Amino acid sequence: DTAVSQTPKYLVTQMGNDKSIKCEQNLGHDTMYWYKQDSKKFLKIMFSYNNKELIINETVPNRFSPKSPDKAHLNLHINSLELGDSAVYFCASSLRTSGFNEQFFGPGTRLTVL
Amino acid sequence: AQTVTQSQPEMSVQEAETVTLSCTYDTSENNYYLFWYKQPPSRQMILVIRQEAYKQQNATENRFSVNFQKAAKSFSLKISDSQLGDTAMYFCARGKTSGSRLTFGEGTQLTVNP
């Protein structure tokens, strides 16, 4: 019955590697998001997709590339990982893009780059 | 940049007592949405309460209520009859009517002591 799921929950990797984090929502929502939570717990939007189309792309290095094969999935690919990429990454979804929409969050993926 | 500010990095309260967490924000819009999210040690982001800016009546959810002062751009969270399970990081967030991003505050770590 998980609403928004992410895999893996923990990811430890070496600098320079390429990794992916998967996200799926079974809520029938149109809009999905990726947020980054840094070591000071600050949460910031990275990307947002509405029905497979990119609608928000913050100033994120182009090593980060979101991919949405369908509106229930939004995966995050990270190339050439750097130490500063270590953080918790949250996927979220909401019913629509605009209006009074609660965002439902996944459990987060803790990425550690060594 | 339009920001959300939580001026209390940490707070503590005794079980069964009442505590208020502060939040101020900056916006040039007349209508928007405000949220309080809770992040317990499990890392899961959980919606606590939400408020539409055009509604003057303060939102209430069981032991949680807000004091929304639109002119002052203030949105504080009151937790009554605090419980040990309320121990968590609390984030204030602002959403826009058009566009879906949430802008989060820095968070307040609340500890409920037995």
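Above this text you will find the structure in question.
First things first, this report covers the structure right here in the doc. Remember, predicted model here, so these are calculated numbers, not experimental data.

This paragraph deals with the nonpolar core. Side chains of a nonpolar character, in soluble globular proteins, are inclined to be buried together. In terms of nonpolar packing, the biggest core is built from 24 residues, with Trp36, Phe75, Leu77 and Tyr90 of chain B touching the most fellow members. Elements with a contribution of two residues or more to this core: β3 (19-21), β5 (32-39), β6 (46-52), β8 (64-69), β9 (74-79), β10 (88-96) and β12 (108-113) of chain B. Formed by 19 residues, the second largest nonpolar core is a distinct cluster that contains Val4, Trp34, Leu76 and Leu81 of chain A.

Our focus in this paragraph is the state of the cysteines. As enumerated under the stated definition, the model contains two disulfides over all chains in all. Each sulfur in the disulfide pair Cys23 of chain A and Cys91 of chain A lies 1.8 Å from the other. One quick way to see it: the torsion about the S-S bond of Cys23 of chain A and Cys91 of chain A is about -75°, and its sign makes the bridge left-handed. With Cys23 of chain A in strand β3 (residues 19-25) and Cys91 of chain A in strand β9 (residues 87-94), this residue pair connects regions lying 68 residues apart in the sequence. The same class applies to Cys23 of chain A and to Cys91 of chain A, which are both buried. With its sulfur 2.0 Å from that of its partner, Cys23 of chain B forms a disulfide with Cys92 of chain B. On the S-S bond that ties Cys23 of chain B to Cys92 of chain B, the torsion sits near -70°, and the link is left-handed. Linking Cys23 of chain B in the loop between β3 and β4 (24-25) with Cys92 of chain B in strand β10, this pair joins segments that are 69 residues apart in sequence. Summarising the burial analysis for this pair, Cys23 of chain B and Cys92 of chain B share the class buried.

On to the interface of chain B and chain A, then. Contacts between the two partners involve 23 residues from chain B and, on the opposite side, 30 residues from chain A. Of the roughly 2,100 Å² buried between chain B and chain A on both sides combined, carbon and sulfur atoms contribute 55%. Between chain B and chain A we count one salt bridge in total. In this structure, the salt-bridge partner of Glu58 of chain A is Arg101 of chain B, at a minimum N-O distance of 2.3 Å.

Turning our eyes to something else, we now look at the pattern of salt bridges. Residues and elements named next belong to chain A. If you walk through the whole model with that rule in mind, you get six salt bridges over all chains. Lys71 is the salt-bridge partner of Asp30, the closest N and O atoms lying 2.8 Å from each other. Taken as a pair, Asp30 in the loop between β3 and β4 (31-37) and Lys71 in the loop between β7 (64-70) and β8 (73-78) lie far apart in primary sequence, 41 residues in all. Residue classification places Lys71 among the partly exposed residues on the basis of a relative accessible area of 33%.

Calculation notes
Residues numbered from 1 in each chain as written. Chains lettered and ligands numbered in written order. Predicted model: local features only at pLDDT ≥ 70, side-chain atom pairs only at ≥ 80, totals over all residues. Heavy atoms only, no water. Core = buried A, V, L, I, M, F, W, Y, C linked by side-chain atoms within 4.5 Å. Buried < 20%, exposed > 50% of the residue type's maximum accessible area, 1.4 Å probe, protein only. Helix = DSSP H or I, 4+ residues; strand = E, 2+ residues; numbered from the N terminus. Disulfide = S-S within 2.5 Å. Contact = heavy atoms within 4.5 Å. Buried area = accessible area lost by both parts, 1.4 Å probe. Salt bridge = Lys/Arg side-chain N within 4 Å of Asp/Glu carboxyl O.

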